[in-house]
Amino acid sequence: MSAPADSIEIQNVVASTGIGQELDLEALADDLPGADFNPDNFPGLVYRTQDPKAAALIFRSGKIVCTGAKSIDDVHEALGIIFDKLRGLSIPVDEDPEITVQNIVSSADLGHNLNLNALAIGLGLEDVEYEPEQFPGLVYRMDEPEVVILLFGSGKIVITGGKQTDDAETAVVEIVKRIDNLGLLD
């Protein structure tokens, strides 16, 4: 059986950037093939890249949120494509706009079934939300790294709130240690 940290897979990276000027989204929607803009449903223009697969949410303020990427490199590559498209439409974009990772969502498998009722008590009620009638997972707020871990009875977990790729590995190693210390790993 491999270590739980070896099972970590990044599911989504969300990052933000901006081009420092307001945009005419109606005109941009006309000029950018494949762009979706429906202001009645969502205030931003949605532009999807295929390789890497990601979606950019472009707002009138010039702020851009990239979501759906599977790595930080993919975020940079997808936003680079978008910056080039904007430059091609004579919209000035800095050579290297600052890109800030907001959230990395990862999944992993602890390789053991979990007793969530026992875990809710053992991990400390102040850091735990567990209402199985509402949601089948236990929500655990970890301080270091500052992430939220969703734990399921199957042993599968989701780590969200990370800002760096190694936050997930640190969190998995720490949660395994805490569960093991409680004697709740079969």
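Each value, and the rule that gives it
- Residues numbered from 1 in each chain as written.
- Predicted model: local features only at pLDDT ≥ 70, side-chain atom pairs only at ≥ 80, totals over all residues.
- Heavy atoms only, no water.
- UniProt positions renumbered as here; feature names shortened; annotations may be inferred.
- Helix = DSSP H or I, 4+ residues; strand = E, 2+ residues; numbered from the N terminus.
- Buried < 20%, exposed > 50% of the residue type's maximum accessible area, 1.4 Å probe, protein only.
- Contact = heavy atoms within 4.5 Å.
- Phe/Tyr/Trp six-rings, centres within 6.5 Å; stacked < 30°, edge-to-face > 60°.
- Domains from an automatic or database assignment.
- Expected span 1.5 Å × (residues − 1).
- Arc of directions from axis to C-beta.
- Pairing = 2+ DSSP bridges.
- Axes fitted to C-alpha atoms, helices over the stretch in contact; angles between N-to-C directions.
- Salt bridge = Lys/Arg side-chain N within 4 Å of Asp/Glu carboxyl O.

Under an unreviewed UniProt entry, the protein chain has the name TATA-box-binding protein and belongs to Halogeometricum pallidum JCM 14848. What UniProt records for the protein chain under Function (unreviewed entry) is the sentence "General factor that plays a role in the activation of archaeal genes transcribed by RNA polymerase. Binds specifically to the TATA box promoter element which lies close to the position of transcription initiation." In its Sequence similarities (unreviewed entry) section, UniProt records this for the protein chain: "Belongs to the TBP family."

## Details of the overall build of the protein chain
The helix and strand tally for the protein chain stands at four helices and nine strands. Counting from the amino terminus, the protein chain carries its helices and strands in the arrangement β-α-β-β-β-α-β-α-β-β-β-β-α. Across its three principal directions, the C-alpha atoms of the protein chain cover 60 × 35 × 25 Å. Among the 186 residues that make up the protein chain, the fraction classed as buried is 41%. For the protein chain, the share of sequence-separated contacts (at least 6 apart) that also reach a separation of at least 24 residues comes to 58%.

## Some remarks on the packing of aromatic side chains
Inspection of the entire model under this criterion finds two aromatic pairs. Ring geometry for phenylalanine 135 and phenylalanine 152: centres 5.8 Å apart, planes at 70 degrees, overall edge-to-face. Here the residue phenylalanine 135 occupies a position in the loop between strand E6 (128-129) and strand E7 (138-142), and phenylalanine 152 occupies one in the loop between strand E8 (147-151) and strand E9 (156-162), the gap between them amounting to 17 residues. Taking relative accessible area as the criterion, phenylalanine 135 reaches 36% and is therefore assigned partly exposed.

## Some points on the domain arrangement of the protein chain
You can read the domains of the protein chain as domain 1 (15-101) and domain 2 (110-182). Once you take the C-alpha centre of each, domain 1 and domain 2 turn out to be 34 Å apart.

## Here we look at helix H2 (residues 72-88)
Given 3.6 residues per turn, any residue in an α-helix points the same way as the ones three and four places further on. Taking 1.5 Å per residue as the helical rise, H2 with its 17 residues ought to reach 24 Å, and the 24 Å between its terminal C-alpha atoms agrees with that figure. Among the residues of H2, those classed as buried are Val75, Ala78, Leu79, Ile82, Phe83 and Leu86. Projection of H2 onto a plane perpendicular to its axis shows the buried side chains occupying an angular sector of 140 degrees, all on one side. Facing away from the buried surface of H2 by more than 90 degrees, the exposed residues are Asp73 and Gly88. Against strand E1 (9-18), helix H1 (25-31), strand E2 (45-50), strand E3 (53-58) and strand E4 (63-69) lie the buried residues of H2. Positive backbone phi, approximately 65 degrees, marks serine 90, located one or two places after H2.

## Quick look at the sheet that holds E6
What the nine strands build is an open sheet, ordered E2-E3-E4-E1-E5-E9-E8-E7-E6; its pairing is antiparallel. The open sheet terminates on both sides in strands that have one partner only, identified here as E2 and E6. Examined bridge by bridge, E3 and E4 share four bridges and lie antiparallel to one another. Within E4, the residue paired with leucine 57 across the bridge is valine 65. Most of the contacts of H2 go to E4, to which it runs at about 135 degrees, and overall it touches E1, E2, E3, E4 and strand E5 (100-109).

## A closer look at the pattern of salt bridges
Inspection of every chain in the model, using the stated rule, returns seven salt bridges. Here aspartate 36 and arginine 48 are joined by a salt bridge, their closest N and O atoms 3.0 Å apart. Here arginine 48 lies in strand E2 and aspartate 36 lies in the loop between H1 and E2, a separation of 12 residues in the sequence. Assessed through its relative accessible area of 43%, aspartate 36 is described here as partly exposed. Here lysine 156 makes a salt bridge to aspartate 109, at a shortest N to O gap of 3.0 Å. Here aspartate 109 lies in strand E5 and lysine 156 lies in strand E9, a separation of 47 residues in the sequence. Assessed through its relative accessible area of 44%, lysine 156 is described here as partly exposed. The network of salt bridges with shared partners includes Glu174, Lys177 and Arg178.

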